[in-house]
Amino acid sequence: MNTESRNCQNCKQSFAIAPEDFSFYEKIKVPPPTFCPECRLVRRMIATNERILYKRKCDLTGKDIFSMYDAGTVFPVYDIDAWHSDSWDPYSYGMDFDPSRPFFEQFLELQNKVPRMSLVRQMDSVNSPFTHRVTGPKNSYMVFRTTYPEDCLYIYNANFPRNCCDCSWLINSELCYECVNCQSSYNLRFSVDSNDCRDSSFLYGCRNCSNCVGCVNFVNRNYCIWNEQYTKERYFEKLKELKLNSHSSIEKTKKDFEEFRKKFPQKGVNAIKSTNVSGNWLTNCANVNKSYNCEDVKDGRYLLMVFKAQDCMDYFEWGNKAELIYESANCGLDISRLFFCLQCWMGASDLYYCNTCPGARNCFGCVGLKKGEYAILNKKYSKEEYEKLKEAIIQQMKDMPYYDGDIEYKFGENFPNSFSDFAYNETGAYEYYPMTKEEALKKGYRWKDREKKNYQITKKSEDLPDTIALVDDSILNEVIECGEKDRPYSVGAYRITPNELAFYRRMDLPLPRVCFDVRHMNRFHKRPKLELQHRNCSKCGIGVETVYDEKDYPIIYCEKCYQQEVY
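First, a word on scope: everything that follows refers to the structure included in this document.

What counts and how
Residues numbered from 1 in each chain as written. Predicted model: local features only at pLDDT ≥ 70, side-chain atom pairs only at ≥ 80, totals over all residues. Heavy atoms only, no water. Buried < 20%, exposed > 50% of the residue type's maximum accessible area, 1.4 Å probe, protein only. Helix = DSSP H or I, 4+ residues; strand = E, 2+ residues; numbered from the N terminus. Pairing = 2+ DSSP bridges. 1 Å grid on protein atoms, 1.4 Å probe; cavity = no way out; pocket = protein on both sides within 12 Å on 5 of 7 lines; lining within 4 Å. Points joined across faces, edges and corners; volume = space filled by probe spheres on them. Contact = heavy atoms within 4.5 Å. Nonpolar A, V, L, I, M, F, W, Y, C, P; charged D, E, K, R; others polar. Patch = residues over 30% accessible without salt bridge, like charges linked within 9 Å, V, L, I, M, F, W, Y side chains within 5 Å. Areas by Shrake-Rupley, 256 points an atom, 1.4 Å probe, with all protein chains shown as cover. Salt bridge = Lys/Arg side-chain N within 4 Å of Asp/Glu carboxyl O.

This part takes up the pairing of strand S15 (residues 210-216). For S15, the tally of buried residues reaches 7 of 7 residues, placing the bulk of the element in the interior. By the bridge criterion, 4 bridges tie strand S14 (residues 198-204) to S15 in an arrangement that is parallel. The residue of S15 that forms the bridge with serine 201 is valine 213. Alignment of S15 against strand S16 (residues 222-225), held across 3 bridges, turns out to be parallel. Across the sheet, cysteine 212 pairs through a bridge with cysteine 224, a residue of S16.

Here it is in structure tokens:
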């Protein structure tokens, strides 16, 4: 079978379907997609509120809760414990399938009345109410998509972080600050794509370095500054001169380091112990293509933030013993054969078009079923009845499409964009593919104007002391104006929490000048866009498929040349 070119229903651009894609579709018995890979990814992302929390009432208990859903949802929202309790029965919302109406129309009706859990947390949560999509959080605040965080603040996407603040894509690290794509590191600050490093600041592409500042592509080095070797004594003298405990000096070093970094080669594909891969940030992967931030994955395409999975396509976030997953998001933990699903985990298998069905098996078009089995639209059937009706619905979806504007949805398409519970700028899509309000509305997405609260500002960020030594406990009572309050994702103001102040004092770091949301997006901008482009190795001239553009990464090396140069 040859590569086939088709036009995307959504963006109207042409896209290719490779022979291996067709083989996968045949294996799982679904037709090829009519959306291009990027539009499919965005469609999965808009179903997910990543970091925005709302205060509202639990519709079951009446108590105040924090939720990913605001108070205006058409469906009930329950506190996590209440949702998991036996106080309500998801089967009570069951519907008979009506063959005279499009399936998606009936699913939307069900989706709009079944209760949802306010936030997603796995395992016990200890003193961590402001966390979402986390496992086993302990004493953590504003932490998202993270496994076993302990004493952490303002983290997005991490595994086993301890005493870390303002970091993203962090693994097995402690006492890290403003780090992106780093792992197995200790006391690391303002660094990107660096592993096994200690007591260092402003590193890029470094491995096993300690006591280094402003270094790029270094391996097994100590006492270096701006890629120059020093004696131990002279290193610490120079370190004092840099004054990296001062806000003004840190800001200057940030600008200098960004320009300094561009003088060194960037590896075209950031992959470790991986074979036959394309994309970026891949570890222990094989036959994984057009994928990003994946670890221990075999045979996958169009994946983002997936680990411990095999034979999957079009999959956003999670994994952990996942197999044969297609067009699904936020699903994981010993799952298999999930197609067009959202938030299904903990042993879920053989599900089609299901939303928030942990532990469910053999279900089609269900919402909120906990360990459900042989159910369609939340109505239970015998195994034989289920199989017969499932096939009838699949055929009906092919014969009677659902139309959302000018887009046709048959069996094999994910949920329509309009089915998302969230506005575009509440979701991960806004962070990876930012748009203005006008652009989003023009493309048919919803938009939620972020409430700019009338904070009673008591201190301007420019009036904050230059070092933490000059800050006393009275800062905990201040409402600080965000130094970039006019940016669209700024909340306008922020406060310093006691744990946060203790962290800055321990690390001898100045107070931040902008709110958490701006800091988060600044870290996003330290990563290239998820767009593969063809460039040539700056040394040998061989073609390289990479996410690194020429403007921000002028020197690009293939794997072989990079290994020769750096290692």
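Once you've had a look at it, read on.
The subject of this paragraph is empty space enclosed by the protein. For the coordinates displayed, the defined rule picks out 4 cavities of 30 Å³ or more. Counted as a void, the largest cavity has a volume near 200 Å³. Taken together, the elements giving at least two residues each to the lining of the largest cavity come down to helix H2 (37-45) and strand S21 (286-329). For the lining of the largest cavity, the element with the most residues is S21, which contributes 3 residues.

Below, the discussion takes up the pairing of strand S33 (residues 543-546). Remark: a regular strand shows side chains that alternate across the two faces of the sheet. Where burial is concerned, the two faces of S33 differ: the one with Val544 and Thr546 is buried and the one with Gly543 and Glu545 is not. Pairing analysis gives 4 bridges linking strand S32 (residues 533-536) to S33, with the strands arranged antiparallel. Paired with arginine 535 across the two strands is valine 544, which belongs to S33. In sequence, S32 turns back onto S33 through a hairpin of 6 residues, with glycine 541 there showing a positive phi of about 85 degrees.

This part covers the environment of proline 265. By the secondary structure assignment, proline 265 is in the loop between helix H6 (247-261) and strand S18 (266-267). On the basis of relative accessibility, which here comes to 9%, the residue proline 265 falls in the buried class. Distance in space between the C-alpha atoms of proline 265 and glycine 347 is 44 Å, their sequence separation being 82 residues. Setting aside anything within four residues of it in sequence, one finds proline 265 in contact with Asn217, Ile555, Tyr557, Tyr562 and Glu565.

Once that is clear, we can look at the layout of surface pockets. Quantified by volume, the largest pocket comes out at close to 1,300 Å³. Elements with a minimum of two residues in the lining of the largest pocket: S14, H6, helix H8 (428-432) and helix H11 (516-524). When residues in the lining of the largest pocket are grouped by element, the largest group, 8 residues, is from H6. Partitioned by chemical class, the residues of the lining of the largest pocket number 20 nonpolar, 4 polar and 18 charged.

Here we take up a nonpolar patch on the surface. On the surface, a cluster of nonpolar side chains totalling about 330 Å² of accessible area is made up of Met123, Tyr148 and Phe160. With respect to the helices, strands and loops of the structure, phenylalanine 160 is situated in the loop between strand S10 (153-159) and strand S11 (165-171).

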